[in-house]
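Listed below, chain by chain, are the residues.
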Amino acid sequence: MAAIDPRLLYLDIPEMDRDHERLVAIANRISALVERPDFRAKDFAAELRELKAYTIEHFAREEAYMASIGYPGLAGHKVQHGKIIEALAALAAEGATKGARIALSLRLFTQVWLFEHISGHDGEYAKFAMAKAPR
Ligand SMILES: [Fe+2]
Ligand SMILES: [Fe+2]
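So, a few notes on the structure that sits alongside this text.

## Points about the nonpolar core
Part 1 of the argument: Counting residues in hydrophobic clusters, the biggest one holds 22 residues, and the most contacted among them are Leu-51, Leu-106, Phe-109, Trp-113 and Leu-114.
Part 2 of the argument: For this core, the element with the most residues is helix α3 (residues 74-132), which contributes eight residues.
Part 3 of the argument: Non-local contacts of Trp-113, meaning those with residues more than four positions away in its chain, are made with Leu-23, Thr-55, Phe-59, Ile-84 and Ile-118.
Part 4 of the argument: Counting eleven residues, the second largest nonpolar core, distinct from the first, contains Ile-13, Met-16, Ile-69 and Ala-126.

## Some details on the coordination of the iron ion (ligand 2)
Part 1 of the argument: The iron ion (ligand 2) binds to the protein through Glu-62 (OE), His-77 (NE2), His-81 (NE2), His-117 (NE2) and Asp-122 (OD), with metal-donor distances spanning 2.0 to 2.3 Å.
Part 2 of the argument: Binding-site remark: the iron ion (ligand 2) is held by donors from one chain whose sequence spacing is E-x14-H-x3-H-x35-H-x4-D.
Part 3 of the argument: Given a relative accessible area of 4%, His-77 falls into the buried group.
Part 4 of the argument: We classify His-117 as buried; its relative accessible area is 3%.

The rules behind each value
- Residues numbered from 1 in each chain as written.
- Chains lettered and ligands numbered in written order.
- Predicted model: local features only at pLDDT ≥ 70, side-chain atom pairs only at ≥ 80, totals over all residues.
- Heavy atoms only, no water.
- Core = buried A, V, L, I, M, F, W, Y, C linked by side-chain atoms within 4.5 Å.
- Buried < 20%, exposed > 50% of the residue type's maximum accessible area, 1.4 Å probe, protein only.
- Helix = DSSP H or I, 4+ residues; strand = E, 2+ residues; numbered from the N terminus.
- Contact = heavy atoms within 4.5 Å.
- Donors = N, O, S within 2.8 Å, 3.2 Å for Na, K, Ca; no water.

These values are about where atoms sit, not about what they do.
Written out as structure tokens, the structure reads:
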């Protein structure tokens, strides 16, 4: 599967774009890892821990940013973030026992959430920010 180009997901909000770039980098590493013939569940577990930790960190920063601009969709956006964290936690719990199969689910999950969440939900607060204070 092709690596995701983070430039496709730019919101023109530098702090958020930097976070999203790092999330894309982790997702791309997971994608490459799954395709390796010498795939090791141990490497996958480390990437998954990093993805989960960094996602939680990013969501906190993003929610603070949305609050700072008075974004009216904040509550709904937080619900979406909560669902993603729950799904990641479930994958992490399963990953401990099912290695490679979970790695494949995780690859799909990261690609879907990166594209759908960042270009959809995150795109909405970026539009709001732009309308409020055009750059
Ligand atoms: Fe985001
Ligand atoms: Fe978000």
